[in-house]
Amino acid sequence: MSTNDKKLFLGGRLKRLRRDLGVTQSRMAEDLGVSPSYFNLLERNQRPVTAQILLRLADAYDLDLRSLSADDPGGGASLEEVLADKMFADLGVNRHESAEVAELSPAFAEAMTRLYRAYLDRGRLIDLGAFERPDGTAAASTTSPTDWVRDLVSAQRNHFAELETVAERIVAAMKADPQDLGPAVRARLLEQFGVQTRVMPVETMAGSLRRYDHHRKRLMVSETLAPASRIFAVCYQLGLMEAGETLTTLTDRFQAPDRATRQLLKVFLDNYLAAAIMTPYEPFLAAMEASGYDIERVRSRFGISYEQAAQRLTTLSRPGSRGVPFFMMRLDAAGNISKRFAAGPFPFSRFGGACPRWNVHDSFKTPGRIITQVIETPDRERYFTLSRTVRRVSGLQAGLEDELVIGLGCELKYAGKLVYARGLDITAPLAVEIGPSCRICERPACPQRAAAPINRTLLVEENSKAVSPFPFAAF
């Protein structure tokens, strides 16, 4: 059968789309002009999805058909990580089976992933003695607020349409020049809410970078913050005051499991709003498209930092006006990941760090320079990546600045739109093979391997030395 004649079975993705939209089978069947029984067959992969159905989907829900691609930022990859645990070794579940389960039953795959995370977290709590309290109180929740919010943002592909609309309304009301946004935002706070903004000495801030005094109606910003970060802090406060009700409603809609998670989610959403005020969606996207996604050039136009621009690139998923679907990670010198966002496929482990073969780690050797690489994951998917160091001020004491790396990437098929890929032969690039993380990566001859896969047996020979420091049996 030729590629053009290949039938499309998208049952799992239809089910996931319907769940995300909050509509019933009957409602979606009606919108697509088919009977409920026929739509049920589509969801169960007993009928292929025709080109006509795809076009009706795009028309009925203003849908970019890329969102129905097989590349899912969670799903099969996360379930594969779970099933790689040695406790499942005797089941012999292969990659294709886990992908099939995630395809047909995405909610079940997500439930398995959450359960496994709770299992890991509970094990860590036991190791820390959290279940041996003398007062007999219960242990803490096994899902951290950070993980919960990160999963939610991933499920939304880091795009919140309501906040984009609110930001556009605020920017229109200010009539501000994006290259000189600070005065307009401060004036808006003062005129509409009576709030004064002050840049304060680090001694006065007592360890804070931003603090709002409700009684004096004064926003205090630390002098240690860079100009772009100061403006972001003021936009954050403006977002709270202009759109407090919207932020609260949106936070409540997602039903966070506890107060700490709810507060973290609300802060994240206001951070998102602040970024959207600094970089209004359509002008920012237009500037990126026109410049070939030249981050340095566009960030100067909007008065933002490299990190702010990189993170904003992961939010450009407005239906009918989408940018390149980037993923982003922020790492420190020890490999700890403090940020991860994705508007599209995310090629790294959900439970671990980044592969050492990804040259994002080399950025620490070339501070301030952008370095690029084409990487290939075990499923043969290829990505174009770029990374660069940034500095984060601690705000406490001079000389305590942190150097971090921002890793940014997209599927190789989009690299032709990027100025950083000019001169690259996209059809036959030199690709570096990487894996999700050593504990679940099955690439056999990796000299940078830090551990054997947890689903394979360590195979050490006393009379020979392998390329990999942790050789393992094939099966």
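Look above for the structure.
First, a word on what this report is: a plain description of the structure on this page. Nothing here was measured: the structure is a model prediction, and the numbers come from that model.

**Description of empty space enclosed by the protein**
Moving on, step 1. Under the criterion given, the structure shown has three cavities of 30 Å³ or more.
Moving on, step 2. Reported here for the largest cavity is a volume of approximately 90 Å³.
Moving on, step 3. Lining the largest cavity are 14 residues, and of these Cys-355, Gly-435, Cys-438, Cys-441 and Cys-446 lie nearest its centre.
Moving on, step 4. Of the residues contributing to the lining of the largest cavity, the split by class is seven nonpolar, three polar and four charged.
Moving on, step 5. When its volume is computed, the second largest cavity comes out at roughly 50 Å³.
Moving on, step 6. Taken together, Phe-232, Ala-275, Met-278, Thr-279, Ile-304, Gln-308 and Arg-312 make up the lining of the second largest cavity.
Moving on, step 7. Breaking the lining of the second largest cavity down by element, the ones donating at least two residues are α14 (259–278) and α17 (306–313).
Moving on, step 8. Along the lines of polarity and charge, the residues of the lining of the second largest cavity split into four nonpolar, two polar and one charged.

**As for the sheet that holds strand β10 (residues 402–411)**
Moving on, step 1. The strand order across the open sheet formed by six strands is β7-β6-β10-β9-β8-β11, and the pairing between neighbours is mixed. Bordering the open sheet on either side are β7 (337–342) and β11 (431–433), each of which pairs with just one other strand. The mean angle between the axes of side-by-side strands here comes to 30°, regardless of whether they run parallel or antiparallel.
Moving on, step 2. In terms of strand pairing, strand β9 (residues 382–392) meets β10 through 10 bridges, oriented antiparallel. Note on β10: the bridge partner recorded for Ser-387 is Gly-407.

**Overview of unusual backbone geometry**
Moving on, step 1. One non-glycine residue, Lys-175, adopts positive backbone phi at about 50°.
Moving on, step 2. Tracing the backbone through its elements, the reader meets Lys-175 in the loop between α9 (161–174) and α10 (181–193).
Moving on, step 3. Even without being glycine, Gln-255 reaches a positive phi, approximately 55°.

**Some remarks on the packing of helix α15 (residues 281–291) against α17**
Moving on, step 1. Here α15 crosses α17 at 100°, and the two axes come no closer than 12 Å. The orientation of α15 relative to α17 falls into the category roughly perpendicular. Two secondary-structure elements touch here, α15 through Tyr-281, Phe-284 and Met-288 and α17 through Ala-309, Arg-312 and Leu-313.
Moving on, step 2. Of the residues that constitute the contact of α15 with α17, the class distribution is five nonpolar, no polar and one charged.

**Structural notes on the packing of aromatic side chains**
Moving on, step 1. Evaluation of the coordinates by the stated rule reveals seven aromatic pairs.
Moving on, step 2. Taken together, a centroid distance of 6.2 Å and an interplanar angle of 85° make the contact between Phe-160 and Phe-254 edge-to-face. Placement of Phe-160 in the loop between α8 (145–155) and α9 and of Phe-254 in the loop between α13 (244–253) and α14 is noted, with a sequence separation of 94 residues between them.
Moving on, step 3. An aromatic cluster of three or more residues is present, and its members are Phe-160, Phe-254, Phe-268, Tyr-272 and Phe-341.
Moving on, step 4. Of note, Arg-388 hangs over the ring of Tyr-306, and the distance from its end group to the ring centre comes to 4.4 Å.

**Regarding helix α16 (residues 295–302)**
Structurally, the α-helix is built with 3.6 residues per turn, so residues lying three or four positions apart point the same way.
Moving on, step 1. If you check which residues of α16 are buried, you get Ile-295, Val-298 and Phe-302. End-on, the buried residues of α16 take up no more than an arc of 75°, which puts them together on one face.
Moving on, step 2. Those residues of α16 hidden inside the fold are in contact with α14, α15, α17, β9 and β10.
Moving on, step 3. The opening residue of α16, the one whose side-chain oxygen lies 3.4 Å from the backbone nitrogen of Glu-296, is Asp-294.
Moving on, step 4. One or two residues past the end of α16 sits Gly-303, with phi positive at roughly 65°.

**Regarding the sheet that holds strand β1 (residues 196–200)**
Moving on, step 1. The sheet built from three strands is open, its strands ordered β1-β3-β2 with mixed pairing. Bordering the open sheet on either side are β1 and β2 (210–213), each of which pairs with just one other strand. Direction aside, neighbouring strands of the sheet carry axes that sit 20° apart on average.
Moving on, step 2. With four bridges joining them, β2 and strand β3 (residues 218–222) adopt antiparallel strand pairing. Note on β3: the bridge partner recorded for Arg-211 is Met-220.
Moving on, step 3. Docked against the sheet, helix α12 (residues 227–242) engages β1, β2 and β3, running at close to 155° with respect to β3.

**Looking at the environment of Leu-120**
Moving on, step 1. In this structure, Leu-120 sits in helix α7 (residues 106–127).
Moving on, step 2. For Leu-120, a relative accessible area of 24% corresponds to the partly exposed category.

**Quick notes on the pairing of β9**
Moving on, step 1. In terms of residue burial, β9 counts as a mostly covered element, since eight of its 11 residues are buried.
Moving on, step 2. Taken together, the six bridges between strand β8 (residues 371–376) and β9 define a ladder with antiparallel strand orientation. Counterpart to Glu-376 in the pairing with β9 is Arg-382.
Moving on, step 3. Count of turn residues in the β8/β9 antiparallel hairpin: five residues, of which Arg-380 carries a positive phi of about 75°.

**Overview of the pattern of salt bridges**
Moving on, step 1. Counted according to the given criterion, the structure contains 20 salt bridges.
Moving on, step 2. The residue Asp-213 makes a salt bridge to Arg-216 at a minimum N-O spacing of 4.0 Å.
Moving on, step 3. Residue Arg-216 is classed as exposed on the basis of its relative accessible area of 60%.
Moving on, step 4. Arg-318 is the partner of Glu-282 in a salt bridge, and the nearest nitrogen-oxygen pair spans 3.0 Å. Of this pair, Glu-282 sits in helix α15 while Arg-318 sits in strand β4 (residues 317–318); the two residues are 36 residues apart in sequence, bridging distant segments of the chain.
Moving on, step 5. The partly exposed category is assigned to Glu-282, whose relative accessible area is 33%.
Moving on, step 6. We classify Arg-318 as buried; its relative accessible area is 17%.
Moving on, step 7. Three or more residues joined by partner-sharing salt bridges are found here, namely Glu-168, Glu-282 and Arg-318.

Rules used in this analysis
Residues numbered from 1 in each chain as written. Predicted model: local features only at pLDDT ≥ 70, side-chain atom pairs only at ≥ 80, totals over all residues. Heavy atoms only, no water. 1 Å grid on protein atoms, 1.4 Å probe; cavity = no way out; pocket = protein on both sides within 12 Å on 5 of 7 lines; lining within 4 Å. Points joined across faces, edges and corners; volume = space filled by probe spheres on them. Nonpolar A, V, L, I, M, F, W, Y, C, P; charged D, E, K, R; others polar. Helix = DSSP H or I, 4+ residues; strand = E, 2+ residues; numbered from the N terminus. Pairing = 2+ DSSP bridges. Axes fitted to C-alpha atoms, helices over the stretch in contact; angles between N-to-C directions. Parallel < 35°, antiparallel > 145°, perpendicular 65-115°, else oblique. Contact = heavy atoms within 4.5 Å. Phe/Tyr/Trp six-rings, centres within 6.5 Å; stacked < 30°, edge-to-face > 60°. Lys NZ or Arg CZ within 6 Å of the ring centre and 35° of its normal. Buried < 20%, exposed > 50% of the residue type's maximum accessible area, 1.4 Å probe, protein only. Arc of directions from axis to C-beta. Polar contact = N/O pair within 3.5 Å; in protein donor to acceptor, adjacent residues only side chain to side chain. Salt bridge = Lys/Arg side-chain N within 4 Å of Asp/Glu carboxyl O.

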